[in-house]
Amino acid sequence: MKQFHKATKQQSFLRMALVGPSGSGKTYSSLRIAQGLGNRIALIDSERGSAAKYAGDFTFDTVELDTSFSPSEYIEGIEAAVQGGYDVLIIDSLSHAWNDKGGILELHDAIAAQDKSTNDFTAWRKVTPEHNRLVDAILRAPLHVLVTMRVKTEYLMEKDEHGKSVIHKVGLKPIQRDGIEFELDVVGNLDENNTLVITKTRCKSLFQATIHHPGEDNIAPVLKAWLTDGAAPLISDEQSKELWQLAKKAGLSVGGLLDLTNKTLGQAYTSPREITLDEFPRIVEVLQPPQEKEAESENAVG
Ligand SMILES: Nc1ncnc2c1ncn2[C@@H]1O[C@H](COP(=O)(O)OP(=O)(O)OP(=O)(O)O)[C@@H](O)[C@H]1O
Ligand SMILES: [Mg+2]
């Protein structure tokens, strides 16, 4: 049976998008924000090495995508960043996974061209899982992820305060699949003056915020506070099962495990599922039978 439990905000990793036309500050701002979020920064560069021009201003490692921009290539880059133990991953830009060589649009067209009987709808049905795989990889990666997205640019003629006509470069739709912003915590549009306007946010403090030259000294501390003010992350289902196994071996009932947990941690949990990730090793320690503990320490010595 499904069981409801009290909703809590857990410490989490950021998923943010910076959207803007060329020169608006997508690369530079994401590097500045990343610098405020963690120490080790990885950057997937699909813009022909353009991020490397900022190597003098920031310390980061980069991997270039240059022949194919397929979701698989991006996913490989995300996995490498996770395995490399980075704190923050910048994907600059995610737009190429949509409309460049090997990207979703090309995959769609290739499927449609293969077989004349394949209609547009069927082709999308085949290619959508590929897009979803990439979105999933971004959402699941245990590090902060900042993605940049290009926009189709348009020029608008407007009157300034003196009535003089001025031309503005404005960004329109992000070049990515419609709805991508639903998946992310914070989305902002950058303009030609490197000013970020937040268009979507789960972080209340940034609601409709406008930030000039976003970076480590203005938006990053707000994001960091938001990401860390939640409850500590809880143990996984697997870890919960592991505790039950150990408890059974130790001859403990459900109530017994809970009592032992609360006594050890000085908590008043109503279920062992409330044990946090950092408390987990202590409970394993007290549940382990003495002979196993001895064997472990002997192994460690030997
Ligand atoms: N947050 C910022 N703080 C200070 N300066 C900035 C910031 N964002 C952008 N700039 C300035 O604007 C310049 C252009 O920014 P950037 O290269 O990030 O643009 P971009 O949107 O990535 O462009 P492209 O789409 O062509 O890659 C930077 O070299 C820097 O001088
Ligand atoms: Mg750039």
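Residues numbered from 1 in each chain as written. Chains lettered and ligands numbered in written order. Predicted model: local features only at pLDDT ≥ 70, side-chain atom pairs only at ≥ 80, totals over all residues. Heavy atoms only, no water.

Named according to an unreviewed UniProt entry, the chain is AAA family ATPase originating from Sulfobacillus benefaciens.

### Description of the pairing of strand 8 (residues 195-201)
Our working rule: What makes two strands pair is DSSP finding at least two bridges between them. Runs of H or I in DSSP of at least four residues are treated as helices and runs of E of at least two as strands, each being numbered from the N terminus.
Sheet topology note: the strand 7 (residues 186-190)/strand 8 ladder contains five bridges and is antiparallel. The residue bridging V187 from the neighbouring strand is K200, located in strand 8. Joining the antiparallel neighbours strand 7 and strand 8 is a turn of four residues, in which N194 adopts a positive phi near 60°. Relative to strand 9 (residues 210-212), strand 8 runs antiparallel, the two being bridged by three bridges. Within the sheet, the bridge partner assigned to V197 lies in strand 9 and is T210.

### A short note on the pattern of salt bridges
Rules: By convention in these notes, a salt bridge is any Lys or Arg side-chain nitrogen within 4 Å of a carboxyl oxygen on Asp or Glu. Here's how the labels work: a residue is buried when its accessible area is under 20% of the maximum for its type, exposed when over 50%, partly exposed in between, all with a 1.4 Å probe on protein chains only.
All chains considered together, the criterion is met by seven salt bridges. Ionic pairing is found between R32 and D217, a salt bridge with its closest N-O pair at 2.8 Å. A residue pair is termed long-range when its members are at least 10 positions apart, and R32 in helix 1 (residues 26-37) and D217 in the loop between strand 9 and helix 6 (219-228) qualify at 185 residues. Look at R32 and you get buried, because its relative accessible area is 13%. Given a relative accessible area of 54%, D217 falls into the exposed group. A salt bridge links K241 to E238, with the shortest nitrogen-to-oxygen separation between them at 3.6 Å. Of this pair, K241 and E238 both sit in helix 7 (residues 237-249), three residues apart, which is roughly one turn of that helix. Salt bridges sharing partners connect three or more residues here, namely R32, E216 and D217.

### Considerations on a nonpolar patch on the surface
Counted only if it meets this: Residues qualify for a patch when their relative accessible area is over 30% and they have no salt bridge, like charges being joined within 9 Å and the nonpolar side chains of Val, Leu, Ile, Met, Phe, Trp and Tyr within 5 Å. Exposure was quantified through the Shrake-Rupley algorithm and a 1.4 Å probe, taking into account, for residues, occlusion by the shown protein chains and nothing else.
Taken together, the side chains of Y155, M157 and I167 define a hydrophobic patch exposed on the protein surface, amounting to about 400 Å² of accessible area. Relative accessible area serves as the criterion here: at 58%, Y155 is assigned to the exposed category.

### Quick look at the site of ligand 1
To be explicit about the condition: One heavy atom suffices: a residue is near a molecule or strand as soon as one of its heavy atoms comes within 4 Å of it. Think of a polar contact as two N or O atoms within 3.5 Å of one another; within protein, one of them needs to be a possible hydrogen donor and the other a possible acceptor, and neighboring residues in sequence only count if both atoms come from side chains. Gly is placed with the polar residues, together with every amino acid not listed as nonpolar (Ala, Val, Leu, Ile, Met, Phe, Trp, Tyr, Cys and Pro) or charged (Asp, Glu, Lys and Arg).
Taken together, 15 residues lie around ligand 1, and S22, G23, K26, Y28 and Y54 are the ones closest in. S29 places a side-chain nitrogen or oxygen 3.0 Å from a nitrogen atom of ligand 1. Within the contact set of ligand 1, an oxygen atom lies 3.4 Å away from a side-chain nitrogen or oxygen of E47. Relative to its unbound accessible surface of 640 Å², ligand 1 loses 78% to contact with the protein. Residues that form the shell around ligand 1 fall into these classes: four nonpolar, eight polar and three charged.

### Quick look at the packing of helix 8 (residues 254-265) against helix 9 (residues 280-287)
Threshold: Each axis is a line fitted through C-alpha atoms, and for a helix only the stretch in contact is used; angles between axes span 0 to 180 degrees, taken between their N-to-C directions. Roughly parallel covers angles under 35 degrees, roughly antiparallel covers those over 145, roughly perpendicular covers 65 to 115, and oblique covers all other angles. With the far helix as reference, a near helix turned anticlockwise by less than a right angle produces a left-handed crossing, and one turned clockwise produces a right-handed crossing. What makes two residues a contact is simply this: any of their non-hydrogen atoms within 4.5 Å.
Where helix 8 contacts helix 9, the axes come no closer than 10 Å and their chain directions differ by 120°. In terms of axis orientation, helix 8 runs oblique to helix 9. In this structure, the crossing between helix 8 and helix 9 has a hand that is right-handed. Facing L257, L260, T261, T264 and L265 of helix 8, the residues of helix 9 in contact are R282, I283, V286 and L287.

### Some remarks on unusual backbone geometry
The omega torsion of the bond from D92 to S93 falls at 0°, within 30 degrees of zero and hence cis. Tracing the sequence through the fold places S93 in the loop between strand 4 (88-92) and helix 3 (96-99). Of note in this structure, R48 is not a glycine but carries a positive phi near 55°. On the secondary structure map, R48 appears in the loop between strand 2 (41-45) and strand 3 (61-64). On the basis of relative accessibility, which here comes to 57%, the residue R48 falls in the exposed class.

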